[in-house]
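The chain contents come next:
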Amino acid sequence: MRIVAGIDEVGVGPLAGPVVAAAVVLAPRHGLIGLADSKRLTKRRRTLLAEEIKGRAQAWALGRAEVEEVDRLNVLHAAWLAMRRAVENLALAPEFALVDGVHLPVLPCPGRAIVRGDARVPVISAASIVAKVARDAEMCEWDTVYPQYGFASHKGYGTARHLEALSRFGACPLHRQSFAPVRAACALREGAS
């Protein structure tokens, strides 16, 4: 049986923080129950499943693209970079990859992109869960460094509270300068001063 990795990323839409991807290799009879798109699960269920996945997976790894890479490459290319890094970080080299999305990034193995794969393919669901739990935890840690932005509650997404904080305090090093709402909020702030 071939070694197949499921790959997914989180953090394409937020105004702040890295893009984080996970690659997961599951055994054919992994015994994991309740795998689904990470966005459809409660925070508690995601956290429990992420630990179970990491404990039962044949291999799992994270990859990331930093804010500077998002700004330099654009967010789609940064997401593909994070996915490739996740696969390269696996302790077990996959022979094939199943990726959530429309496009297949350049990977060290052949693969296939599957639209809504995070909801339809268990190994991609597992990657979705591991990536989301890791990125959410990181954004909660950043909240202690930059509490004025509320990263623990919105994880960097463009909520009304986050946009208001941006216009009040300007951007911090976690903010993606290439994203229009960040530029607009900072320009508005500069115009008011």
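Residues numbered from 1 in each chain as written. Predicted model: local features only at pLDDT ≥ 70, side-chain atom pairs only at ≥ 80, totals over all residues. Heavy atoms only, no water.

**Q** Go over the pattern of salt bridges with me, naming the residues and quoting the values.
**A** Here the structure, examined in full by the defined rule, presents 10 salt bridges. Between R46 and D136 there is a salt bridge, and its shortest N-O distance comes to 3.9 Å. Taken together, the residues R46 in helix α1 (residues 43–56) and D136 in helix α5 (residues 122–145) connect sequence positions 90 residues apart. The residues R46 and D136 share a single accessibility class, namely buried. Across the pair D136 and K132 runs a salt bridge, and its minimum N-O distance is 3.1 Å. One end of the pair, D136, and the other, K132, are both in helix α5, four residues apart, so they sit about a helical turn from each other. The exposure classification of D136 matches that of K132, with both residues buried. Beyond isolated ion pairs, a larger network of salt bridges with shared partners links D37, K39 and D118. (Salt bridge = Lys/Arg side-chain N within 4 Å of Asp/Glu carboxyl O. Helix = DSSP H or I, 4+ residues; strand = E, 2+ residues; numbered from the N terminus. Buried < 20%, exposed > 50% of the residue type's maximum accessible area, 1.4 Å probe, protein only.)

**Q** Outline the layout of surface pockets, supporting the account with residue identities and numerical values.
**A** Counted as a void, the largest pocket has a volume near 280 Å³. Lining the largest pocket are 14 residues, and of these R2, V4, L26, A27 and P28 lie nearest its centre. Considering only residue class, the lining of the largest pocket consists of 11 nonpolar, two polar and one charged. For the second largest pocket, the lining is made up of 16 residues, of which E9, V10, G11, K39 and Y157 are closest to its centre. When contributions to the lining of the second largest pocket are tallied by element, the ones reaching two or more residues are β1 (4–10) and α5. With four residues, α5 is the largest single contributor of residues to the lining of the second largest pocket. (1 Å grid on protein atoms, 1.4 Å probe; cavity = no way out; pocket = protein on both sides within 12 Å on 5 of 7 lines; lining within 4 Å. Points joined across faces, edges and corners; volume = space filled by probe spheres on them. Nonpolar A, V, L, I, M, F, W, Y, C, P; charged D, E, K, R; others polar.)

**Q** So what's going on with the nonpolar core? Residues and values would help.
**A** Judged by nonpolar contacts, the single largest core of 27 residues is most densely connected at I7 and L90. Elements with a contribution of two residues or more to this core: β1, β2 (19–25), β3 (59–65), α3 (75–89), β4 (96–100) and α8 (180–192). No other element matches the six residues that α3 contributes to this core. Once you skip the residues sitting within four places of it in the chain, I7 turns out to touch A22, A23, M83, V87, A97, L98, V99, D100, L107, I124 and A127. With 24 residues, the next largest nonpolar core counts V20, V24, A57 and V121 among its residues. (Core = buried A, V, L, I, M, F, W, Y, C linked by side-chain atoms within 4.5 Å. Contact = heavy atoms within 4.5 Å.)

**Q** Can you tell me about the sheet that holds β1, naming the residues and giving the values?
**A** The strands making up a sheet associate through backbone hydrogen bonding, with each pair oriented either parallel or antiparallel. With respect to topology, five strands assemble into an open sheet ordered β3-β2-β1-β4-β5, the strand pairing being mixed. Either end of the sheet is taken by a strand with one partner, and the two such strands are β3 and β5 (111–114). Put simply, the sheet's adjacent strands are angled 20° from each other on average, direction ignored. The pairing of β4 with β5 spans four bridges and is classified as parallel. By the bridge assignment, D100 is partnered in β5 with I114. Together, β1, β2, β3 and β4 form the strand contacts of α3, whose direction differs from that of β3 by roughly 150°. (Pairing = 2+ DSSP bridges. Axes fitted to C-alpha atoms, helices over the stretch in contact; angles between N-to-C directions.)

**Q** Which residues make up the packing of aromatic side chains, and what values go with them?
**A** As enumerated under the stated definition, the model contains four aromatic pairs in all. Ring centres of Y149 and F151 lie 5.5 Å apart, and the angle between their planes is 20°; on these two criteria the pair is classed as stacked. Overall, Y149 belongs to the buried group, its relative accessible area being 2%. What makes F151 buried here is its relative accessible area of 0%. Between Y149 and F169, the ring centres sit 6.3 Å apart and the planes meet at 75°, which makes this aromatic pair edge-to-face. Placement of Y149 in the loop between α5 and α6 (151–154) and of F169 in helix α7 (residues 160–169) is noted, with a sequence separation of 20 residues between them. Among the aromatic residues, ring-to-ring pairing joins W142, Y146, Y149, F151 and F169 into one connected group. In this structure, R2 is placed above the aromatic ring of F96, and the distance from its NZ or CZ to the ring centre is 4.3 Å. (Phe/Tyr/Trp six-rings, centres within 6.5 Å; stacked < 30°, edge-to-face > 60°. Lys NZ or Arg CZ within 6 Å of the ring centre and 35° of its normal.)

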